[in-house]
Amino acid sequence: NMSTMIGRLGRAAVARRRASSAAAGGGGGRYNPDYVEPHVSKWHKRLAVGVGATFWLWIFWRLKHDGRALLGYAKPWDSH
């Protein structure tokens, strides 16, 4: 039957598209209606922002003072 064959081809095409998008990092996950997003308190969010800011400021400070040595353009003992 022609309609059955077309239906099978359509389902196969959808399955291939889902598989390729999941393999390419495009998701492929399923929606879970029972999922409840966890509550994160304000102080945890502020702490995360503070730690992240400290991390990036430390990285920039190190690049300012020892950037050539950190990037491999100078020997660490020659950069001071």
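Rules of the game
Residues numbered from 1 in each chain as written. Predicted model: local features only at pLDDT ≥ 70, side-chain atom pairs only at ≥ 80, totals over all residues. Heavy atoms only, no water. Helix = DSSP H or I, 4+ residues; strand = E, 2+ residues; numbered from the N terminus. Buried < 20%, exposed > 50% of the residue type's maximum accessible area, 1.4 Å probe, protein only. Areas by Shrake-Rupley, 256 points an atom, 1.4 Å probe, with all protein chains shown as cover. Expected span 1.5 Å × (residues − 1). Bend = angle between axes of the 7 residues up to and from the residue. Salt bridge = Lys/Arg side-chain N within 4 Å of Asp/Glu carboxyl O. Phe/Tyr/Trp six-rings, centres within 6.5 Å; stacked < 30°, edge-to-face > 60°.

Participant: Quick question: what am I supposed to make of the overall build of the chain here?
Facilitator: A count of helical and extended segments in the chain gives two helices and zero strands. Looking at the chain residue by residue over its 80 residues, the buried ones come to 5%. Only carbon and sulfur atoms are counted for the fraction: they give 63% of the accessible area of the chain, which is about 7700 Å².

Participant: Can you help me understand helix H2 (residues 42-70) in this one?
Facilitator: Helical geometry: 3.6 residues make up each α-helical turn, so side chains three or four residues apart lie on a common side. Over its 29 residues, H2 runs only 36 Å from end to end, short of the ideal 42 Å by more than 12%, given 1.5 Å per residue. Lysine 64 marks where H2 bends most, by close to 70°. Residues of H2 that are buried: Asp66, Gly67 and Ala69. Positive backbone phi, approximately 90°, marks glycine 72, located one or two places after H2.

Participant: Explain the pattern of salt bridges here, please?
Facilitator: Note that side chains of opposite charge can pair when their charged atoms are close. All chains considered together, the criterion is met by one salt bridge. In this structure, the salt-bridge partner of arginine 62 is aspartate 66, at a minimum N-O distance of 3.0 Å. Highlighted residues: arginine 62 and aspartate 66, both in helix H2, separated by four residues, approximately one helical turn. For arginine 62, a relative accessible area of 26% corresponds to the partly exposed category.

Participant: Which parts of the structure should I look at to understand the packing of aromatic side chains?
Facilitator: Ring pairs (aromatic) are described by centroid distance and by the angle formed between their planes. This structure, assessed with the given rule, holds two aromatic pairs. Both rings, one in phenylalanine 55 and one in tryptophan 56, keep their centres 5.2 Å apart while their planes meet at 75°; by these two values the pair is edge-to-face. Ring plane angle 35° and centroid distance 5.9 Å describe the contact between tryptophan 56 and phenylalanine 60, whose orientation is recorded as tilted. Here phenylalanine 60 and tryptophan 56 lie together in helix H2, a separation of four residues that amounts to about one turn. Joined through ring pairs, the aromatic side chains of Phe55, Trp56 and Phe60 make up one cluster.

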